[in-house]
Structures are given as structure tokens and as C-alpha cells.
Amino acid sequence: MRGTAVAAIALTTVMTMAACAKDSGTTAQSNAAGAGCEFATPPSAPATSSTSAANTDKVDGSGLKIGLAYDIGGRGDASFNDLAAAGFDQAIKDMGVKKENTRELSAAPNEDEAAKQTRLRQLATEGFNPVVGVGFAYTESLKVVAPEFPNVKFGLVDSAVEGAANVTPLVFAEQEGSFLAGVVAAYQSKKCHVGFVGGVDIPLIQKFEAGFVQGAKAAAPKVQVEKKYITPAGDFTGFQDPPKGQEAAKGLIDKGADVVYPAAGASGIGVFAAVKEAGVLAIGCDADQYNQPALANNRDVIVASSLKRVDVAVYDFYRAAAKNDLASLPKVFDLKVNGVGYAASGGKVDAKLQGILEGYKAQIIEGKIKVNDRP
């Protein structure tokens, strides 16, 4: 994470768990309920952890007009779009951008490319610069629109546009944060049986699945993992359908999963509802979802969250654009730059797992563990 964003919008990263006892080269460990998996011997936690120094230089954005084009769901999805909104809001506050010089526009499920192009053109034509497109869905539109406005700085979350000098990719190592979510799920499971719900069966969401499964199996080689996608590739309603999210989660729980991890946008709201109804546990995704207002009624089942710091990437992009220093942004927001990570609010885990997670995290950063980005 870049220094200013650490100071301005850092998310909590404290996570913990239970004690271990050795057994023939593996660690036969009880979770909080006194049952669960037999765990592989975990890596040792590093003696120290390094943190980027805060960059506190003031950036004056009072003369800027900044725009944000949301993915489907917009504000209020308790996940991806809300993180982008948080970065947008923080940039406005920190850089002194006038409210009348900001604009947010939302998308509709399964809209055509013409609608996306119109949205981006509207922002650029009205003088908004820089502009962020939230989500890979804007990739094809920016291939067309960015060359029409060569002086507008566009940021594109989750994708890139080859050959477009005025489009900055804001991409993440989602599989790395999901690996840590898989470790947590295995340690929290009473049955050594966990589940993954994907919103849409596309490569981006498959990265979450791949990391989650790898992390769970690294922690507990015999863990069972159930998987379900809400919609196939091409049908993006899977990111905005809580009832279908609830149905998908119920199916995994009926098969025996007692910790469920959704990477499903607003559909995750339904996943958490199903988890609460069944009396099992969940791992949040993208944001520290225990603290999301939209999930207040179900937050007691959220034991931890993987973090995808879209808020940091969006904030950093606006700030770097204001300074005319886009080259300073990381090529990938990964564990090494704190662009992904983990959080646990609510006090459901203890100090042992924090060390275990930091050990796995250090091995990923050092390259000793390579996290798959495909199932």
C-alpha cells in the first residue's frame, strides 16, 4: 500500500486463532469447537513485519474535476463498489476537491457496450479528469473512448488497455488475499469442510477460488472444498442477486460446508444471510465486511475477511494523477505492497492464527509459496 493511503484509509489487519499439538509431522489441532482438521505444520511467523513509511506531503486537488464510473451495483453493494467509493470520498477530502467538481455514475446489469461508452464520454466531455472505471467491464469501452480523449487520465480497476497511454491499470493479486482466507476457513471449520461462492464464472473470480482452495489445502491437506458459481460467464447478474447468493450458499451448507467464502459482489449479502440462518460461519471478501453497514444484521457470522484494497488503488490513482506521477503506482497491488490482505473484526479468533497467517504471508511475499491464479 502506498504511504498516503496507509495513513488515510488503512483497513484493520489483525487476525488470530487456536493452539497446536504435534502429531507425526503434521499438527493435529482443535479449533474453537474442539474438532475440525488436522493441520500441516505452518510456517513460522517472521520476527518483524515491515510497514511503508507514510508519505504526508499535501496534494492540492481543489482545481480538479474527478469522475467515477461504477460497476453494476454502485454504492451500497457492501463490497467492490463501496471500496471504490471510499477511495473516491477520501481523495475528495484529502485533496480539497470541490463537491460540485465530482461526479459518480452507475451501471446496469448486462448493459451493452454503448451504455458504458456513453457513461465514460459523458464524464470526459463534461471536463472530469481524472476518471476511474470500476471493473474489467470497462475494458472494451476504454479501448474506444480513451483515444477520443487523449488528455484525460483514466484509471481502470481490474484490467488494462494495451497501447492506451492514458489508461492506468489498477490490478490486484486477489489470489494472495484469498489464500489467507482459505487458511482461516480451514482453521475455523468444525467439519474440515468449507465452501466458495463465486458471483460469475470468469477468470477474475476464478482467481479468488484458486487462492482460497490452495490456502485451505495448504493449511489442512484433507479439507473438503465445495464450489458454486451463481451465473456463467456473460451473465453479470451474479454480482447483484442476493437471493441467488443465498440459494448458492444454502446448497454448499447442505453438502456439509460450515465456513463459506463468497466472491460475489452484492450477492454476498444473500450468502451471509444463508450462513446466519444455518448457524455456520463466513469469510468476507474485498472489504472488512464485518464493519459494513449493509451487513450489520449478519455480521456476527463473519469471522474474517480477505481484503482487496480497491479504495487504496482508487485513492492513489487520483492522488498520483493530481501530481502527474502515475508511474509511481505499483504494477500490481499485491501482498508485498499491502494491496491485498486480511482483516478480522469481532473478536472470533485469537493470537495463534495471526502468527500462522503472517508466516504464510511472508512466504508468499518471499516467493517461497506461489499462489495459483487459476483453479
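Rules of the game
Residues numbered from 1 in each chain as written. Predicted model: local features only at pLDDT ≥ 70, side-chain atom pairs only at ≥ 80, totals over all residues. Heavy atoms only, no water. Helix = DSSP H or I, 4+ residues; strand = E, 2+ residues; numbered from the N terminus. Buried < 20%, exposed > 50% of the residue type's maximum accessible area, 1.4 Å probe, protein only. Contact = heavy atoms within 4.5 Å. Areas by Shrake-Rupley, 256 points an atom, 1.4 Å probe, with all protein chains shown as cover. Pairing = 2+ DSSP bridges. Axes fitted to C-alpha atoms, helices over the stretch in contact; angles between N-to-C directions. Lys, Arg positive; Asp, Glu negative; His and termini not counted. Salt bridge = Lys/Arg side-chain N within 4 Å of Asp/Glu carboxyl O. Core = buried A, V, L, I, M, F, W, Y, C linked by side-chain atoms within 4.5 Å. pLDDT = per-residue confidence, 0-100. Phe/Tyr/Trp six-rings, centres within 6.5 Å; stacked < 30°, edge-to-face > 60°. Lys NZ or Arg CZ within 6 Å of the ring centre and 35° of its normal. Expected span 1.5 Å × (residues − 1). Arc of directions from axis to C-beta. Disulfide = S-S within 2.5 Å.

Trainee: I keep staring at the overall build of the chain and nothing clicks. Help me out?
Mentor: When you go through the chain residue by residue, the secondary structure sums to ten helices and 14 strands. Taken over 375 residues, the chain has a buried fraction of 57%. Pairs at least 24 residues apart make up 71% of the contacts formed inside the chain by residues separated by at least 6 positions. Surface accessibility of the chain: about 14,800 Å² in total, with carbon and sulfur atoms responsible for 49%.

Trainee: Quick question: what am I supposed to make of the pairing of strand 14 (residues 340-343) here?
Mentor: On a regular strand, one side chain projects to one face of the sheet and the next to the other, so that they alternate. What you see with strand 14 is no split at all: Val340 and Tyr342 on one side and Gly341 and Ala343 on the other are buried throughout. Examined bridge by bridge, strand 13 (residues 302-308) and strand 14 share four bridges and lie antiparallel to one another. The residue bridging Lys308 from the neighbouring strand is Val340, located in strand 14.

Trainee: It is not clear to me how the sheet that holds strand 6 (residues 131-133) should be interpreted in this structure. Could you clarify?
Mentor: Strand-to-strand pairing in sheets goes through backbone hydrogen bonds, with the strands running parallel or antiparallel. Taken together, the five strands give an open sheet; going across it, the order is 5-4-6-7-8, and neighbouring strands pair in parallel fashion. One side of each edge strand has no neighbouring strand; the edge strands of this open sheet are strand 5 (102-107) and strand 8 (167-170). When the angles between neighbouring strand axes are averaged without regard to direction, this sheet yields 20 degrees. The pairing of strand 4 (residues 66-72) with strand 6 spans three bridges and is classified as parallel. Counterpart to Leu68 in the pairing with strand 6 is Val132. In this fold helix 2 (residues 80-95) packs onto strand 4, strand 5 and strand 7 (154-157), with an angle of close to 170 degrees to the strand it touches most, strand 4. Docked against the sheet, helix 4 (residues 139-148) engages strand 7 and strand 8, running at close to 170 degrees with respect to strand 7.

Trainee: Teacher, can you tell me more about the side chain of Asp82 here?
Mentor: Position of Asp82 among the secondary structure elements: in helix 2. It turns out Asp82 is buried and unbridged, and the closest side chain with the opposite charge, Arg75, is 5.9 Å from it. In this structure, Asp82 is in contact with Gly74, Arg75, Gly76, Asp77 and Gln292, ignoring residues within four places of it in sequence.

Trainee: Whenever I open this one, the nonpolar core confuses me. Can you help?
Mentor: Side chains that are nonpolar tend, in soluble globular proteins, to be buried together. Leu142, Phe154, Val183, Ile205, Ile283 and Tyr318 are the most contacted members of the largest nonpolar core, which has 95 residues in total. With near-sequence residues (within four places) excluded, Ile283 lies in contact with Ala181, Val184, Ala185, Val259, Val260, Tyr261, Pro262, Phe272, Val303, Ala304, Ser305 and Ser306.

Trainee: Quick question: what am I supposed to make of the sheet that holds strand 11 (residues 259-263) here?
Mentor: Taken in spatial order, the six strands of this open sheet run 10-9-11-12-13-14, and their pairing is mixed. The sheet terminates laterally at strand 10 (224-231) and strand 14, the two strands that pair on one side only. Each adjacent strand pair in this sheet contributes to an overall mean axis angle of 20 degrees, direction not counted. Strand direction decides the pairing type here: strand 12 (residues 281-284) and strand 13, joined by three bridges, are parallel. Following the sheet pairing, Ile283 is matched in strand 13 by Ala304.

Trainee: Teacher, can you tell me more about the confidence of the model for the chain here?
Mentor: Close inspection of predicted coordinates is inappropriate in any region flagged by low pLDDT. Chain-level statistics for the chain give a pLDDT mean of 88 and a share of 88% at 70 or above. Every residue in residues 1-34 is under pLDDT 50, and counting partners more than four places away or in other chains gives 112 contacts. Counting contacts from residues 50-54, a segment whose pLDDT is below 50, to residues more than four positions away or on other chains yields four contacts.

Trainee: What am I meant to see in the packing of aromatic side chains here?
Mentor: Remark: the centre distance and the inter-plane angle together describe each pair of aromatic rings, the angle taken between the planes. Enumeration over the complete set of coordinates arrives at ten aromatic pairs. Ring centres 3.9 Å apart and planes at 0 degrees place the aromatic pair Phe39 and Tyr187 in the stacked group. You can see Phe39 sitting in strand 3 (residues 38-40) and its partner Tyr187 sitting in helix 5 (residues 174-188), a full 148 residues away along the chain. Accessibility expressed as a relative area gives 0% for Tyr187, which makes it buried. Three or more aromatic residues joined by ring pairs make a cluster, and in this case those are Phe196, Phe212, Tyr229 and Tyr261. The ring of Phe128 is capped by Lys65, whose NZ or CZ atom sits 4.7 Å from the centre of that ring.

Trainee: Would you mind showing me how to read unusual backbone geometry here?
Mentor: Generally, phi is negative for residues other than glycine and the peptide bonds are trans, each holding for most cases. Following Asn129, the chain continues to Pro130 via a peptide bond in cis, the omega torsion being 15 degrees. The phi dihedral of Cys192 falls on the positive side, at around 55 degrees, and the residue is not glycine. With respect to the helices, strands and loops of the structure, Cys192 is situated in the loop between helix 5 and strand 9 (193-200). A residue is classified by how much of its surface remains accessible, and Cys192, at 10% relative accessible area, is buried. Residues other than glycine seldom take positive phi values, yet Asp286 does so here, at roughly 75 degrees. Residue placement: Asp286 occurs in the loop between strand 12 and strand 13.

Trainee: Just to check I follow, could you spell out helix 7 (residues 242-254) for this structure?
Mentor: Think of an α-helix as turning once every 3.6 residues; residues three or four places apart then point the same way. With 13 residues, helix 7 extends 18 Å from end C-alpha to end C-alpha; this agrees with the ideal 18 Å at 1.5 Å per step. Looking only at helix 7, the buried set comprises Gly245, Ala248, Ala249, Leu252 and Ile253. End-on, the buried residues of helix 7 take up no more than an arc of 140 degrees, which puts them together on one face. Every exposed residue of helix 7 that faces more than 90 degrees away from the buried side is listed here: Pro243, Glu247 and Asp254. Once helix 7 finishes, Gly256 follows within two positions and takes phi at roughly 120 degrees, a positive value.

Trainee: Honestly, the state of the cysteines in this entry has me stumped. Any pointers?
Mentor: Working definition of a disulfide: a covalent bond connecting the sulfur atoms of two cysteines. Counted under the stated rule, the structure contains one disulfide. The disulfide bridge from Cys37 ends at Cys192, spanning 2.0 Å between sulfur atoms. With the S-S dihedral at roughly 110 degrees, the linkage between Cys37 and Cys192 falls on the right-handed side. Placement of the pair is Cys37 in the loop between strand 2 (26-28) and strand 3 and Cys192 in the loop between helix 5 and strand 9, with a sequence separation of 155 residues.

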